[in-house]
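What follows is the residue order along each chain.
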Amino acid sequence: MSVDVMTSKFGNITLKTSTPKKDPGDDDVAILSSFLPEYLMSPASITKNKAFECSLKRDCRLGDPKATPPGTKKMEYKTRQWHEKCFSCVVCKSAIGTKSFIPRDQEVYCATCYEEKFSTRCVKCDKIITSGGVTYKNEPWHRECFTCSHCSTSLAGQRFTSRDEKPYCGDCFGELFAKRCTSCVKPITGIGGTRFISFEDRHWHNDCFICASCKTSLVGRGFITDAEDIICPECAKQKLM
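Residues numbered from 1 in each chain as written. Predicted model: local features only at pLDDT ≥ 70, side-chain atom pairs only at ≥ 80, totals over all residues. Heavy atoms only, no water.

Participant: Report on the layout of surface pockets, specifying residues and quantitative values.
Facilitator: Size it by volume and the largest pocket reaches roughly 260 Å³. As for the largest pocket, its lining consists of 15 residues, and the residues nearest its centre are L56, S88, V90, K93 and E107. Those elements that place two or more of their residues in the lining of the largest pocket are β4 (80–83) and β6 (107–110). For the lining of the largest pocket, the residue count by class is 7 nonpolar, 3 polar and 5 charged. (1 Å grid on protein atoms, 1.4 Å probe; cavity = no way out; pocket = protein on both sides within 12 Å on 5 of 7 lines; lining within 4 Å. Points joined across faces, edges and corners; volume = space filled by probe spheres on them. Helix = DSSP H or I, 4+ residues; strand = E, 2+ residues; numbered from the N terminus. Nonpolar A, V, L, I, M, F, W, Y, C, P; charged D, E, K, R; others polar.)

Participant: Please give an account of the packing of aromatic side chains that cites residues and values.
Facilitator: In total, this model carries 17 aromatic pairs according to the counting rule given. Seen in terms of ring centroids, Y109 and F118 are 5.2 Å apart; in terms of plane orientation they differ by 85°. Their pairing is edge-to-face. When the centroid spacing of 5.2 Å and the interplanar angle of 85° are considered together, the rings of F199 and F223 count as edge-to-face. Placement of the pair is F199 in strand β13 (residues 196–199) and F223 in the loop between β14 (202–205) and β15 (224–226), with a sequence separation of 24 residues. Put simply, the rings of Y77, W82, F87 and F101 pair up and form one aromatic cluster. A cation over a ring is seen here: R104 above F118, with NZ or CZ 3.9 Å from the ring centre. (Phe/Tyr/Trp six-rings, centres within 6.5 Å; stacked < 30°, edge-to-face > 60°. Lys NZ or Arg CZ within 6 Å of the ring centre and 35° of its normal.)

Participant: Break down the confidence of the model for the chain for me, with residues and values.
Facilitator: Confidence along the chain averages 79 in pLDDT terms, with 85% of residues attaining 70 or more. This model gives residues 1–27 a pLDDT under 50, and the stretch forms 63 contacts once residues within four places in sequence are excluded. (pLDDT = per-residue confidence, 0-100. Contact = heavy atoms within 4.5 Å.)

Participant: Give a detailed account of the environment of F199, specifying residues and quantitative values.
Facilitator: By relative accessible area, which is 26% here, F199 ends up partly exposed. Not counting residues up to four positions away in its chain, the partners in contact with F199 are W204, F223 and T225. (Buried < 20%, exposed > 50% of the residue type's maximum accessible area, 1.4 Å probe, protein only.)

Participant: Lay out the nonpolar core with the relevant residues and their values.
Facilitator: Among the nonpolar cores identified, the biggest contains 17 residues, and C54, W82, F87, I96, F101 and V108 are the most heavily contacted of them. Of all the secondary-structure elements, those providing two or more residues to this core are β2 (29–34), β3 (73–77) and β6. Core analysis: the next-biggest nonpolar cluster, separate from the first, contains 14 residues, C122, C145, L155 and F173 among them. (Core = buried A, V, L, I, M, F, W, Y, C linked by side-chain atoms within 4.5 Å.)

Participant: Any chance you could break down the side chain of Q81 for me, citing the residues and the numbers?
Facilitator: Note on placement: Q81 falls in strand β4. On the accessibility criterion, Q81 (16% relative accessible area) is buried. Ignoring anything within four residues of it in the chain, the contact list for Q81 reads F52, E53, C54, S55, K74, M75 and E76.

Participant: Describe the environment of S152, with residues and values.
Facilitator: Within the secondary structure layout, S152 lies in the loop between β8 (139–142) and β9 (160–163). Residue S152 is classed as exposed on the basis of its relative accessible area, which comes to 52%. Through-space distance from the C-alpha of S152 to that of Y168 is 8.8 Å; in sequence the pair is 16 residues apart.

Participant: Can you tell me about the environment of R163, naming the residues and giving the values?
Facilitator: Here R163 is to be found in strand β9. It is 8.8 Å that separates the C-alpha atoms of R163 and F177, two residues lying 14 residues apart in sequence. Ignoring any residue separated from it by four or fewer positions in sequence, one finds R163 in contact with Y168, F173 and F177.

Right under this line is the structure:
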């Protein structure tokens, strides 16, 4: 009796049909064989045939899950059995035949349906991520799809921040939403740990918080406002003299 052996493996969405293995009882191997006339079979094989029941049961495509007409082919995988025509993808119902298949949760899938049903998909484009994805807020993205919400620059491997659940590059976030330094008028983004000082309704970068007269840093020191300027106590005294 000739025996065809079919196997499939799944990893990183890689599928293949292998050559026959020496051990047909291996869990990754499905065996295709034929029902023979009883006069060609041993008593043990006859008993085994009589115990046959197609795993589709009432949905058996031959109409009788226990049918074993000579010449009909059957498929055996692990502890389950099917008529060859019944060994089909649970989703598209197409017969597996000699194509690769993927078992999952007691069901059998063709490679295409398995990929459609279980592969990780990008939340932006909804296409399958085969490699090099990015995870943001526990959701998967293609690297090329994970971009700034304003300028569309790629954010993969870059510093970024978010607002209203949307990611932005540092430049766009600063231009769109950040406070601006009273001295240099540039955005105060805080990205990278930037410190800043706030007084009343005004804000300064740490490096910009200096005396308007002597340019000494006023960080951690007392200061006096002089119209729109801030000055150190020493310069304030000189102005009063």
